[in-house]
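# Descriptive structure summary
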Amino acid sequence: MLDLRDQIIHSALDLFEKNGYHAVSVNKIVEAAHTSKGGFYHYFSSKNEVLFVIHDLFITHALDKAKSANIIKDTPTHRLIKVVDEFIEIFDLYKPHLAVFYQDAFFLDEKYKVIIKEKRNEFKQVIINILHDGIISGDFRKELDVELTTMAILGMVNWIYKWYDPNGKKTIREISTIYIDLILHSVVKDYKIN
């Protein structure tokens, strides 16, 4: 069973996803979470803070996974595989969060936008660093444009939120395998399918 804070987040997430941020009041969140306004304001200063927490949950998860994959794996190729794989899994684990993010992120207060942007940039930097390391080690093609390649990887993976269906033809694992193969074909020198 969810604690009250998580129940409020879950209720707000469901309401935001179905109705959009502006159509949802604190009263509607309180009603859906089966709590009082006092219960809501015990954990959150505003509806906007709840929106921030929804965004921050999946971005923090993605960043933590990327950092740990970057430390655990030995070669740039293995690090890139792990980071991309963990990133793609986010679209299954946090599908509603991502829908709300892409639908309502521009409603975030500026202070929250700054925090989210910093974490997104930090995640981007993990990939940039892996690509640089791979070029230096000779694992990756030396002519790679690191910035553009990073943006291509992020763009390709981020678009999954638009079409991914947990009940679709491909599982998230199968999608990850295909995406990783495409990315490795693009970056690894003399890449061969195992």
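Above this note sits the structure.
A brief report on the enclosed structure follows.

Cut-off values and rules
- Residues numbered from 1 in each chain as written.
- Predicted model: local features only at pLDDT ≥ 70, side-chain atom pairs only at ≥ 80, totals over all residues.
- Heavy atoms only, no water.
- Salt bridge = Lys/Arg side-chain N within 4 Å of Asp/Glu carboxyl O.
- Helix = DSSP H or I, 4+ residues; strand = E, 2+ residues; numbered from the N terminus.
- Buried < 20%, exposed > 50% of the residue type's maximum accessible area, 1.4 Å probe, protein only.
- Phe/Tyr/Trp six-rings, centres within 6.5 Å; stacked < 30°, edge-to-face > 60°.
- Lys NZ or Arg CZ within 6 Å of the ring centre and 35° of its normal.
- Lys, Arg positive; Asp, Glu negative; His and termini not counted.
- Polar contact = N/O pair within 3.5 Å; in protein donor to acceptor, adjacent residues only side chain to side chain.
- Contact = heavy atoms within 4.5 Å.
- Axes fitted to C-alpha atoms, helices over the stretch in contact; angles between N-to-C directions.
- Parallel < 35°, antiparallel > 145°, perpendicular 65-115°, else oblique.
- Nonpolar A, V, L, I, M, F, W, Y, C, P; charged D, E, K, R; others polar.
- 1 Å grid on protein atoms, 1.4 Å probe; cavity = no way out; pocket = protein on both sides within 12 Å on 5 of 7 lines; lining within 4 Å.
- Points joined across faces, edges and corners; volume = space filled by probe spheres on them.
- Core = buried A, V, L, I, M, F, W, Y, C linked by side-chain atoms within 4.5 Å.

So, on to the pattern of salt bridges. A full pass over the atoms with the stated rule returns nine salt bridges. Ionic pairing is found between Lys119 and Asp56, a salt bridge with its closest N-O pair at 2.7 Å. Highlighted residues: Lys119 in helix H7 (residues 110–137) and Asp56 in helix H4 (residues 47–72), separated in sequence by 63 residues. Among the residues examined, Asp56 registers a relative accessible area of 16% and is labelled buried. For Glu147, the salt bridge is made with Lys124, and the minimal N-O distance between the two is 2.7 Å.

Attention shifts here to the packing of aromatic side chains. For the coordinates displayed, the defined rule picks out 12 aromatic pairs. When the ring of Phe40 is compared with that of Tyr41, the centres are 4.9 Å apart and the planes differ by 80°; the resulting orientation is edge-to-face. The buried category is assigned to Phe40, whose relative accessible area is 0%. On the accessibility criterion, Tyr41 (44% relative accessible area) is partly exposed. Centroid distance Phe58 to Phe101: 5.4 Å. Interplanar angle 80°. Geometry classified as edge-to-face. With a gap of 43 residues between them, Phe58 in helix H4 and Phe101 in helix H6 (residues 95–104) connect regions that are remote in the sequence. Classification of Phe58 by relative accessible area gives buried; the value is 5%. Residue classification places Phe101 among the buried residues on the basis of a relative accessible area of 7%. Ring-pair connections join several aromatic residues into one group, and the members of that group are Phe58, Phe101, Tyr102, Trp159 and Tyr161. Taking NZ or CZ as reference, Lys47 lies 4.1 Å from the ring centre of Tyr21, over its face.

This part takes up the side chain of Glu49. Secondary-structure assignment places Glu49 in helix H4. Despite its burial, Glu49 pairs with no opposite charge, the nearest such side chain being Arg5 at 6.1 Å. Of note is the side chain of Glu49, whose polar atom sits 2.6 Å from the backbone nitrogen of Ser45. With residues up to four places along the chain from it excluded, the contact list for Glu49 reads Tyr43, Phe44 and Tyr112.

Our focus in this paragraph is the packing of helix H1 (residues 4–19) against H4. Angle between the axes and distance between the axes: these two values describe a pair of packed helices. Between H1 and H4, whose axes approach to 10 Å, the crossing angle comes to 90°. Put simply, H1 runs roughly perpendicular to H4. Counted together, Arg5, Ile9, Ala12, Leu13 and Phe16 of H1 and Lys47, Val50, Leu51, Val53, Ile54 and Leu57 of H4 form the full contact between these two elements. Here the residues of the contact of H1 with H4 are counted per class, giving nine nonpolar, no polar and two charged.

Quick look at the layout of surface pockets now. There is about 310 Å³ of room inside the largest pocket. Lining the largest pocket are 19 residues, and of these Phe87, Arg120, Phe123, Leu154 and Asn158 sit closest to its centre. Of all the elements in the fold, those that place two or more residues in the lining of the largest pocket are H4, helix H5 (76–93), H6, H7 and helix H8 (146–158). With six residues, H7 is the single largest residue contributor to the lining of the largest pocket. Classifying every residue of the lining of the largest pocket gives 12 nonpolar, three polar and four charged.

Here the focus is the nonpolar core. Ranked by size, the top nonpolar core spans 62 residues in total, and within it Phe16, Leu80, Phe123 and Val157 carry the most contacts. Aside from chain neighbours lying at most four places away, what touches Phe16 is Tyr21, Val24, Ile29, Lys47, Val50, Leu51, Ile54, Val100, Gln103 and Asp104.

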